[in-house]
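Single-letter residue listing:
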Amino acid sequence: MLTALATATRRVLAPPEFPDFQRDYRARLLHVAVTGTVLLLWPMLVLLSLTHPGTAVRQAFFAVVVTLAGFGALWINRRNPRLAIALSLSAFWLVVTAAVATSGGIRSPSVLGYLILNGWAGILAGWSACVATIAFSTTALALMAWASAAGTLPVSRIEPATAGGLIVWTLTYMLQSAWMVVGASRTVRYFARQRDMELNRRHDAERMLSESERKFRTLFDSAQDAILLVDERSILDCNPAALRMFGGERDRVAGSSLVRLSPASQPGGRASAEQAGELADRALSGTSQSFDWQFKRLDGT
């Protein structure tokens, strides 16, 4: 049971991989954001419990909610990164708003969570998502300021801002901001390395293909036997030996059909056009062909 749970946990925590660049990039960014938030959350909970013992239960509740939401986001992230990002930002906004509303409104240190949310929204989903989260956060703070002024948020819920609490909150959000910047930059560097590796592989493949083509062209041109490259309709290319056989230039041979460069009938008496069509059908079906064929020179002989 424990082994299966550990395996499932490792699978969820492992960065997802997608063949599509955009999906892979978004998925890895969200993975960094969620894992960093969850890992920094629990040490912050312990420190806040020491500086604000009366809020330990509430802090633990929010930490459990964020952790479960984080694991859910990581699970969805392995299938649909765009949906996972939208749900993660929405869940984080709800958690921050609930934390602010239950700890003094706009006077709560939890207001700093909106700053982290806005930063992650911009990194994960672009400027439009950042603007949207700023608008939602500003609206929520305005409503809480109005509720506080109207007495809906009782003064008794406002937590005194001790020096230790301020230090914990400041340190936590500094670490979260640093994780956000470092995680984003590491993700960008990862994809830069992947791009360089892909460019190197492509360059090596192109170099090998060019070398192979050069060797083929050398063998093709130096062969003493006539060689024709044909498709189902015409001659695509021929080597110098074939040009000598037909007695003409390449531009007069390439593009011509085999029937045009053949007599009306083959030595067996069968029409060249009929026999050529049959042989072409067999070759296109994958059947190996070996046969004698009589051509005529460009001058008709």
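Notes on the structure in this doc start here. (Residues numbered from 1 in each chain as written. Predicted model: local features only at pLDDT ≥ 70, side-chain atom pairs only at ≥ 80, totals over all residues. Heavy atoms only, no water.)

Within the element layout of this structure, aspartate 237 appears in strand E2 (residues 235-238). Using a relative accessible area of 14% as the deciding quantity, one classes aspartate 237 as buried. Reaching out from aspartate 237, the side chain makes a polar contact with the side chain of arginine 217 at a distance of 3.1 Å. Setting aside residues up to four positions removed in sequence, aspartate 237 forms contacts with Arg217, Phe220, Ile227, Leu228, Leu229 and Arg250. (Helix = DSSP H or I, 4+ residues; strand = E, 2+ residues; numbered from the N terminus. Buried < 20%, exposed > 50% of the residue type's maximum accessible area, 1.4 Å probe, protein only. Polar contact = N/O pair within 3.5 Å; in protein donor to acceptor, adjacent residues only side chain to side chain. Contact = heavy atoms within 4.5 Å.)

The next thing to look at is the packing of helix H3 (residues 56-77) against helix H4 (residues 81-101). Viewed as axis vectors pointing N to C, H3 and H4 meet at an angle of 170°, and their least axial separation amounts to 9 Å. As the angle between them shows, H3 and H4 are arranged roughly antiparallel. Facing Arg58, Phe62, Val65, Val66, Ala69, Ala73, Ile76 and Asn77 of H3, the residues of H4 in contact are Pro81, Leu83, Ala84, Leu87, Ser88, Ala91, Val95, Ala98 and Ala99. Class assignment for the residues of the contact of H3 with H4 results in 14 nonpolar, two polar and one charged. (Axes fitted to C-alpha atoms, helices over the stretch in contact; angles between N-to-C directions. Parallel < 35°, antiparallel > 145°, perpendicular 65-115°, else oblique. Nonpolar A, V, L, I, M, F, W, Y, C, P; charged D, E, K, R; others polar.)

Let us now look at the pattern of salt bridges. Inspection of the entire model under this criterion finds eight salt bridges. Between aspartate 221 and arginine 217 there is a salt bridge whose closest N-O contact spans 3.4 Å. In this pair, aspartate 221 and arginine 217 are both assigned in helix H7 (residues 163-222), four residues apart and thus about one turn of the helix distant. Residue classification places arginine 217 among the partly exposed positions, given a relative accessible area of 33%. The residue arginine 217 makes a salt bridge to aspartate 237 at a minimum N-O spacing of 3.1 Å. With arginine 217 in helix H7 and aspartate 237 in strand E2, this residue pair connects regions lying 20 residues apart in the sequence. Through salt bridges with shared partners, a single network forms among Arg217, Asp221, Asp237 and Arg250. (Salt bridge = Lys/Arg side-chain N within 4 Å of Asp/Glu carboxyl O.)

This brings us to the nonpolar core. Core analysis: the biggest nonpolar cluster contains 22 residues, and Leu30, Val34, Leu89, Tyr114, Trp120 and Leu124 have the highest contact counts within it. What valine 34 contacts, discounting residues up to four positions off in sequence, is Gly70, Ala73, Leu74 and Ser88. (Core = buried A, V, L, I, M, F, W, Y, C linked by side-chain atoms within 4.5 Å.)

The next thing to look at is the pairing of E2. Sheet topology places strand E1 (residues 228-230) next to E2; three bridges connect them, and they run antiparallel. Each bridged residue has a counterpart across the sheet, and for leucine 229 the counterpart in E2 is aspartate 237. The antiparallel hairpin formed by E1 and E2 contains four residues in its connecting segment. (Pairing = 2+ DSSP bridges.)

With 21 residues, H4 extends 30 Å from end C-alpha to end C-alpha; this agrees with the ideal 30 Å at 1.5 Å per step. Among all positions in H4, only Pro81, Ala84, Ile85, Ser88, Leu89, Val95, Val96, Thr97, Ala99 and Val100 are buried. (Expected span 1.5 Å × (residues − 1).)

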